[in-house]
Amino acid sequence: MKKLNHFSHPHPLVLVEEEIDWISIIYYCSACQERVEGSSYNCSECDFCLHKSCAELPREINHPFHLDHTLILYEKRPISLDFRYWCCDSCAKSYKFGEELFVYRCSSCDFDLDLRCALLPNLITGDFPKLKHFSHQHSLFFIQNHYIEPQDRSCSACEEPISGPVYCCFDCRFFLHQKCFELPPEIKHPSHRKHSLTLLPNPRPHPERCSCHLCTKAYKGFIYYCSLCDFGIMVKYIFSDHKVIENKRHEHPFTPAPRSSFSFICDACGIDGRYCIPYVCTECDIMVHKDCISLPRNILITRHDHPVSHIYYFFEEKEVKKRGCRICQNEINTEYGCYHCPSCDYLVHVDCAMDKDIFIQEYEVTDENQNLNQITLGWLIGEPSITRILKKKKIGEEVIAIKIKHFNHRHKLILCDDVKDEKCCDGCGRSISTSSYCCAKCNYILHKRCAELPRTTRHWNSKDTFTLKPYIWFTCCFCCFRGGGLGYTNVANDSPYCISCFLIPDVVTTQGHRHQVFFDHKFTFKCSICDNGHQKKGVFTCRHKECDHFTLDYTRLTLPNTAWYKNDEHPLVLTHRDDIHPHSDQCVCDICEESRDPNEWFYYCGICDNSAHFLCVLGKNPFLKLGLTHKCGFHEHPLTFAKKDYFHDYLKCSDCDNYCKEVFFKCTQLGCKYAIDWECRDHIRRTMGL
């Protein structure tokens, strides 16, 4: 009987040559999660099982998808505290951290391949043609059959989803369809008969006010270009057959114009169609881009609660006024097409509504839902947090619940208009200065707003569903502050978000800027809170040119207006600009004694003339609820949060033997002096796979 000591399992594995009796039990391979058939290695002490081929995989391989370093076989992807999911760098399939699944990995490059992609049949036979292409600095591998999902990867030339044979460089995430790889370097095209067009992978930048097709309708991927006429056409239009098109979304057929030697404005999206071949509906007297023929009539988008409908022009009885897009805030020309919600007077550009991060799905109108004004995304709104209203009171025309039961507390909560002592909300962790629900039997307290939140809801910056649930602690994925209490969790990926960030709308008026700021989901920046240097996507910005791209992230938008620092006599007030010391060499933080940017938000005491960085005042854990206990998995007793103060200044971490920092964990058991710093706790949990 052949035995194997495998690195992924503590017990010896026995080779079973015959097929397992599938009637009694079904086994799945712990390496690839596929059903076990044929020969396998099994553990006699537990249910661990490996295909014979998976058990005999080499621990190290040199893979053509990553030539710089050797790939090491891991029994599961090492845990990252910053993310909850990892994805294969070949096919982009995502997996949850901690999932029992073998992976080939290069730790230095953070490069991962699941077993499907690492063991492609071509790799085993060594049949991977490797060719150079003028558009990319590395050699490209040709793969006839692959596991790449079309929705996860797109061709770098035509921007269409990957399908069929493909040329690829996985280090750079660069992909080309076979037909795009074989594009001729120069062509003659009926849309520009004067000169030949040359294939360019990276067209030269154009002037800011250039009116050519490349700038008025943003191009993606490769283009064929004439430098003499400053004319370009995208590769995907080269593949068009220019036939009469009939589409169920429009009642009449569209006919291509014989030549595109003229400029036109697309009646469907309002964007210049210069040098595109226009398609004409003679019945409706409209001229559109080919892509705009298939625009859906009614759609759901993340930024609005109602379906929005496509219209070819916006009719106003009064004089036509300037209308702004509610997503990008730029002007909409109402003489051309846009998406519109009539009940809310909500208008957005077609390109903005159809953005992959904004568009949810097409909305089909039936006999039951013909009135779009009465339709909302309420199907995503779940049951309320208040499970029962015990007593009501009528104030004017408004009926208010003054005694309730809440899903997160065992006692009854009573509405209070004033709070004598300075308390923090057990939901959002912020100080309470308005109406709140209090518990008469304990210190539990919630803002009225926090108590009335729905248990399940949606968010304007996501297509997913979010659930409200209690946390001992979590790090908000928006502002990156640590907090505790209640938070919204993305059901799709378990990402937590604090209540304060979650309730911020996509257009905000703030005291820190004279104009409204709107959320730009395409903008990337480095988070000021995180130490990992990761780029974050999405920021609030001002569209006015005189503001020079003014931006705000969630961190600044959720800063409390006043804060206390240790034993200061007066509260510090959030200040948005230092007009007293406008020069940076005069601005110094009175806590860390480092220089301050006079244009950066800070906390200030006018009585003492003290100023400080907001991070120096608040730290990274301003909204943690101290005193909450939890079981950690590496200490025999429960641990509780503690904050560095007069009594804890000299507590040493039981792991690293250094003095504990701002927030740490200490043992609740009387007589046990165990304490551990937050970073040391994270390191232990990571190494133990907790």
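Heads up: the structure comes first, above all this text.
In what follows, the accompanying structure is described. The structure presented is a predicted model; accordingly, all values stated were derived computationally and were not measured. (Residues numbered from 1 in each chain as written. Predicted model: local features only at pLDDT ≥ 70, side-chain atom pairs only at ≥ 80, totals over all residues. Heavy atoms only, no water.)

### A closer look at the pairing of strand E5 (residues 60-63)
- Residue alternation in E5 divides its side chains into a buried set, Ile61 and His63, and an unburied set, Glu60 and Asn62.
- Taken together, the three bridges between E5 and strand E6 (residues 66-74) define a ladder with antiparallel strand orientation. Across the sheet, His63 pairs through a bridge with His66, a residue of E6.
- Here E5 hands over to E6 after two residues, the two strands then running antiparallel side by side. (Buried < 20%, exposed > 50% of the residue type's maximum accessible area, 1.4 Å probe, protein only. Helix = DSSP H or I, 4+ residues; strand = E, 2+ residues; numbered from the N terminus. Pairing = 2+ DSSP bridges.)

### Section: unusual backbone geometry
- The residue Asp110 is not glycine, and still its phi comes out positive at about 55°.
- The topology assignment puts Asp110 in the loop between strand E9 (103-106) and strand E10 (111-114).
- For Asp285, which is not glycine, the phi torsion reads 60° and is therefore positive.
- Tracing the sequence through the fold places Asp285 in the loop between strand E20 (279-281) and strand E21 (286-288).
- Take Asp285: its relative accessible area is 67%, and that puts it in the exposed class.

### So, the sheet that holds strand E29 (residues 386-395)
- As summarised here, the arrangement of the five strands in space is E29-E30-E31-E32-E33, forming an open sheet in which the pairing is antiparallel. Every interior strand has two partners, whereas the edge strands, E29 and strand E33 (445-447), have only one. Strand-to-strand, the axes of this sheet are offset by a mean angle of 30°, without reference to chain direction.
- Sheet analysis places E29 next to strand E30 (residues 398-406), joined by eight bridges and oriented antiparallel. Residue pairing for E30: Ile386 is matched across the bridge by His406. (Axes fitted to C-alpha atoms, helices over the stretch in contact; angles between N-to-C directions.)

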